[in-house]
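# Coordinates in review
So you can see what is in the structure, the chains are spelled out below.
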Amino acid sequence: MTAQTITLPAEWRDFLALTKPRVMSLVVFTGLCGMLAAPVAIHPVIGFTAVLCIALGAGAAGALNQWYEADLDAKMKRTQGRPLPAGRMDRQSALHFGVGLAIFSVVLMGLAVNLASATILTVSILFYVLVYTVWLKRRTPQNIVIGGAAGAFPPLIGWAAATGDVALLPFLLFSLVFLWTPPHFWALALFVKTDYANAGVPMLPVVAGERTTRTQIGLYTIPMAAVAVAPWPLGLTGPIYGIAACLLTATFGLLAVQVALRSTGVDDRMKPEKRLFAFSILYLFAMFGALVADRWMLT
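Helices and strands together make up the secondary structure of the protein, namely 14 helices and zero strands. Each helix (α) and strand (β) of the protein, taken in turn from the N terminus, gives the series α-α-α-α-α-α-α-α-α-α-α-α-α-α. Its C-alpha atoms give the protein principal-axis dimensions of about 60 × 50 × 25 Å. The buried share among the 299 residues of the protein stands at 52%. Relative to all contacts within the protein whose residues are 6 or more apart in sequence, the contacts with residues 24 or more apart total 74%. With the model as given, the accessible surface of the protein reaches about 13400 Å², and the carbon-plus-sulfur share is 69%. Of the side-chain charges in the protein, 21 are positive and 13 negative, and the distance between the mean point of each set is 4 Å.

Written out as structure tokens, the structure is:
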């Protein structure tokens with residue numbers, strides 16, 4: 001039996017898996033924090049609806065990504081268990097689910113929240129699916145660099161949901177996630193390089209080698225650190241965020257330097273790379289959590 005042979009109907013768990021719930025959790029959190037950091041309060045029901053739409057939009061993008069990349073997922077150990085390569089769902093169901101979820105999330109956001117947030121949500125879904133998944137992923141090692149913008153939109157969406165427009169602070173938050181994405185994903189790519197190579201995905205370690213990848217991780221951490229701390233001296237946040245940003249970013253930088261300066265040895269377990277990858281997720285949660293704490297504790 002091949003992965004394309006479907007013998008049983010997909011379960012709700014498979015549809016949930018299509019939405020990439022782990023990735024969605026970070027997307028939803030940054031979107032919620034962008035909304036809570038806005039200078040105006042949003043009605044709880046409208047706020048809940050906005051967060052729901054962000055989650056549904058992210059889930060739609062994840063589903064369409066898996067629909068398009070089913071052949072790649074089947075070649076990679078870490079993704080072989082997903083519904084499509086494992087043969088638990090047919091591609092047409094995944095496509096219909098992703099498109100339906102995307103349309104519903106955008107329409108609901110536009111009708112229940114505002115057009116500004118709905119527009120940015122639309123752009124984020126289309127960017128992830130068309131620009132990153134369809135255009136960049138299989139063609140260039142810059143896929144993560146340019147495609148990182150897709151995951152950086154939620155703070156803008158959350159802010160726009162509350163205010164109806166955008167401002168400097170959410171743009172800095174967008175830039176933070178955008179610049180955070182390359183060192184985050186390249187740390188992962190270093191210890192799953194074989195997976196990407198087997199699938200023919202031109203990730204930087206596969207195309208340019210480990211040395212270049214490590215150097216790029218270090219280089220991208222520099223502007224990321226500057227953007228992370230910038231809201232405090234610019235007067236957009238208070239000391240709670242500022243101090244947290246300095247400490248967290250210093251830790252991120254230390255881990256990134258360790259990865260950038262080392263070389264892989266025989267039977268290397270890639271512990272520094274795994275530490276950087278794991279901390280990078282915690283880092284973003286903590287940074288946005290500090291932003292909300294700063295906003296609510298100082299007002």
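And the narrative resumes.
This next bit is on the pattern of salt bridges. Scanning all chains against the criterion turns up eight salt bridges. For Glu210, the salt bridge goes to Arg214, with nearest N and O atoms at 3.4 Å. Of the two residues, Glu210 and Arg214 are both situated in helix H12 (residues 210-229); the distance of four residues between them amounts to about one turn of the helix. Classification of Glu210 as partly exposed rests on a relative accessible area of 21%. What makes Arg214 buried here is its relative accessible area of 1%. Glu273 is the partner of Arg262 in a salt bridge, and the nearest nitrogen-oxygen pair spans 2.8 Å. Placement of Arg262 in the loop between helix H13 (239-261) and helix H14 (271-297) and of Glu273 in helix H14 is noted, with a sequence separation of eleven residues between them.

A separate point is the side chain of Ser280. Positionally, Ser280 belongs in helix H14. Take Ser280: its relative accessible area is 0%, and that puts it in the buried class. If sequence neighbours within four positions are ignored, Ser280 has contacts with Trp180, His184 and Phe252.

Okay, H13 next. Helix length check: H13 (23 residues) gives 32 Å between terminal C-alpha atoms against 33 Å at 1.5 Å per residue, within 8%. Those residues of H13 not exposed but buried are Tyr241, Gly242, Ala244, Ala245, Leu248, Thr249, Phe252, Gly253, Leu255, Ala256, Val259 and Ala260. At its buried positions, H13 is contacted by helix H9 (168-191), H12 and H14.

What follows deals with the packing of H13 against H14. Axis separation between H13 and H14 bottoms out at 9 Å; the angle between their running directions is 170 degrees. As judged from the angle between their axes, H13 and H14 are roughly antiparallel. Of the residues belonging to the contact of H13 with H14, the class tally is 20 nonpolar, four polar and three charged.

The tendency in soluble globular proteins is for nonpolar side chains to be buried as a group. With 88 residues, the main nonpolar core has Met109, Leu176 and Tyr283 as its most contacted residues. In terms of residues, this core owes the most to one element, H9, which gives 13 residues. Counting six residues, the second largest nonpolar core, distinct from the first, contains Leu18, Ala63, Leu84 and Met89.

The rules behind the values
Residues numbered from 1 in each chain as written. Predicted model: local features only at pLDDT ≥ 70, side-chain atom pairs only at ≥ 80, totals over all residues. Heavy atoms only, no water. Helix = DSSP H or I, 4+ residues; strand = E, 2+ residues; numbered from the N terminus. Buried < 20%, exposed > 50% of the residue type's maximum accessible area, 1.4 Å probe, protein only. Contact = heavy atoms within 4.5 Å. Areas by Shrake-Rupley, 256 points an atom, 1.4 Å probe, with all protein chains shown as cover. Lys, Arg positive; Asp, Glu negative; His and termini not counted. Charge placed at Lys NZ, Arg CZ, Asp CG, Glu CD. Salt bridge = Lys/Arg side-chain N within 4 Å of Asp/Glu carboxyl O. Expected span 1.5 Å × (residues − 1). Axes fitted to C-alpha atoms, helices over the stretch in contact; angles between N-to-C directions. Parallel < 35°, antiparallel > 145°, perpendicular 65-115°, else oblique. Nonpolar A, V, L, I, M, F, W, Y, C, P; charged D, E, K, R; others polar. Core = buried A, V, L, I, M, F, W, Y, C linked by side-chain atoms within 4.5 Å.

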